[in-house]
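Summary of structural features
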2 protein chains.
Amino acid sequence: MNTTATAQVISKEDLLNHWQGHRNLTRRVIEAFPEKDFFEFSIGGMRPFSKLVTELLSIGAPALKAIVNRDAKPYSEDIGELKTKADFLQKWDEATVEINSYWNQISIEDFSENFNLFGQYEFPIIQNILYFVDNEIHHRGQGYVYLRALGIEPPFFWER
Amino acid sequence: MNTTATAQVISKEDLLNHWQGHRNLTRRVIEAFPEKDFFEFSIGGMRPFSKLVTELLSIGAPALKAIVNRDAKPYSEDIGELKTKADFLQKWDEATVEINSYWNQISIEDFSENFNLFGQYEFPIIQNILYFVDNEIHHRGQGYVYLRALGIEPPFFWER
């Protein structure tokens, strides 16, 4: 039971579970793509899903590490050479473990502190973290359209 | 300044601003659609954007009202006859005011309480509300692909 003193709109643990639940769904969307289409299929000049996932991998764990270390280093998509869906899924799983580990190093008080993410986005840490989740949902939603256009049924949105 | 007793991962006010910021972006995505395409354009057998927005309007304000009143009435897309983009935008703006009003009637302690939304989704209220936001981002991301496929530049994702 919450007391007035400790009641939270959302607890730190629940916010992590929320994010990792979304990451688990994104992982299944990656799995749903045929190998070739993951790297090549696109609509309206947009990036293929592999490039969108590269962006997500360049944010998630590296950005959380930057927050923990208050390191305002620039954004980079240099995440190593990922050539296959299996490479991406392995990197995804490594990021899952890293995110859990860095999360433990953030205090409740940290969330309202400002941090200049990537030397570019000066916002309270909670806003930066919500951006990571929102950006993932946004791009994954685009992946859903790619899958539908390919005649593939995507995973249920509400299954995490 | 936060004290240990009052520190929040996210404050109630900031979560409302976060949601309304997303709603403001969705409004601009609605505006970006040509009238005809808003009702007719789709990819891969998906719903046109007007139908996705109907879903969002059937959740947002009605769902928050249901939470405030602890009224587990079933989900319904019966939101009145909306025939034009202008009708949708007006309904959107009415929902903005309603959401602000209902939000004031939720306490911090309420967020961790279970509620059976639409008589179907028995979860803590914070999870239901995050679902509203996530579902909106998800479908709006799909709207972005529709716009790109139509050769229309969508609004910047980070502008709220």
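Residues numbered from 1 in each chain as written. Chains lettered and ligands numbered in written order. Predicted model: local features only at pLDDT ≥ 70, side-chain atom pairs only at ≥ 80, totals over all residues. Heavy atoms only, no water.

**Thoughts on the overall build of chain A**
Check the secondary structure of chain A and you find five helices and two strands. Secondary structure of chain A in N-to-C order comes out as α-α-α-α-β-β-α. For chain A, whose C-alpha radius of gyration is 17 Å, the value lies close to the compact-globule estimate of 15 Å for 160 residues. Structurally, chain A occupies a C-alpha span of about 50 × 35 × 25 Å along its principal axes. For chain A, buried positions account for 51% of its 160 residues. Within chain A, contacts between residues at least 6 apart in sequence are counted, and of these 73% link residues at least 24 apart. When the accessible surface of chain A is split by element, carbon and sulfur atoms take 50% of a total near 7300 Å². Taken as two groups, the 16 positive and 23 negative side-chain charges of chain A have centres that lie 3 Å from each other. (Helix = DSSP H or I, 4+ residues; strand = E, 2+ residues; numbered from the N terminus. Rg over C-alpha atoms; globule rule 2.2 N^0.38 Å. Buried < 20%, exposed > 50% of the residue type's maximum accessible area, 1.4 Å probe, protein only. Contact = heavy atoms within 4.5 Å. Areas by Shrake-Rupley, 256 points an atom, 1.4 Å probe, with all protein chains shown as cover. Lys, Arg positive; Asp, Glu negative; His and termini not counted. Charge placed at Lys NZ, Arg CZ, Asp CG, Glu CD.)

**Things to note about the packing of aromatic side chains**
A full pass over the atoms with the stated rule returns 26 aromatic pairs over all chains. Residues Phe38(B) and Phe88(B) carry aromatic rings whose centres are separated by 5.1 Å and whose planes lie at 85 degrees to one another, so their mutual orientation is edge-to-face. Here Phe38(B), found in helix α2 (residues 35-40), pairs with Phe88(B), found in helix α4 (residues 85-103); they are 50 residues apart in sequence, far enough to count as distant. Accessibility expressed as a relative area gives 0% for Phe38(B), which makes it buried. Through a chain of ring-to-ring contacts, the aromatic side chains of Phe33(A), Phe38(A), Phe39(A), Phe49(A) and Phe88(A) assemble into a single cluster. A cation over an aromatic ring shows up here: Arg160(A) above the ring of Phe157(A), its NZ or CZ 4.9 Å from the ring centre. (Phe/Tyr/Trp six-rings, centres within 6.5 Å; stacked < 30°, edge-to-face > 60°. Lys NZ or Arg CZ within 6 Å of the ring centre and 35° of its normal.)

**A few points about the interface of chain A and chain B**
Of the residues lining the interface, 36 residues belong to chain A; the matching set on chain B comes to 36 residues. Roughly 3200 Å² is buried in total at the junction of chain A and chain B, and carbon and sulfur atoms are behind 68% of that figure. At the junction of chain A with chain B, the criterion picks out zero salt bridges. Counting every contact that joins chain A to chain B gives eight residue pairs in polar contact (both at pLDDT 80 or more). Of all the secondary-structure elements, those providing two or more residues to the side of chain A that touches chain B are α1 (12-32) and α5 (125-149) of chain A. Looking at the side of chain A that touches chain B element by element, the count peaks at 14 residues for α5(A). When the residues that make up the side of chain A that touches chain B are grouped by side-chain class, the tally is 19 nonpolar, 12 polar and five charged. (Buried area = accessible area lost by both parts, 1.4 Å probe. Salt bridge = Lys/Arg side-chain N within 4 Å of Asp/Glu carboxyl O. Polar contact = N/O pair within 3.5 Å; in protein donor to acceptor, adjacent residues only side chain to side chain. Nonpolar A, V, L, I, M, F, W, Y, C, P; charged D, E, K, R; others polar.)

**Observations concerning the packing of α1(A) against α5(A)**
Residue and element names in this part refer to chain A. Packing of α1 against α5 leaves a shortest axis separation of 10 Å and a crossing angle of 25 degrees. Viewed along their axes, α1 and α5 adopt a mutual orientation that is roughly parallel. As α1 packs across α5, the resulting crossing turns out to be left-handed. Where α1 approaches α5, its residues Leu15, His18, Trp19, His22, Arg23, Leu25, Thr26, Val29 and Ala32 are matched on the opposing element by Ile126, Ile129, Leu130, Phe132, Val133, Glu136, Ile137, Arg140, Tyr144 and Leu147. (Axes fitted to C-alpha atoms, helices over the stretch in contact; angles between N-to-C directions. Parallel < 35°, antiparallel > 145°, perpendicular 65-115°, else oblique. Left-handed = near helix turned anticlockwise from the far one by under 90°.)

**A look at the relation of the copies chain A and chain B**
For these two chains of identical sequence, chain A goes onto chain B by a turn of 180 degrees and a shift of 0.0 Å along the axis, with RMSD 0.0 Å. In symmetry terms, the pair is related by a two-fold rotation axis. Taken together, the interface assignments show that 100% of the residues at the interface of chain A recur at the interface of chain B, consistent with an identical surface on both copies. (Least-squares fit on C-alpha atoms with pLDDT ≥ 70 in both.)

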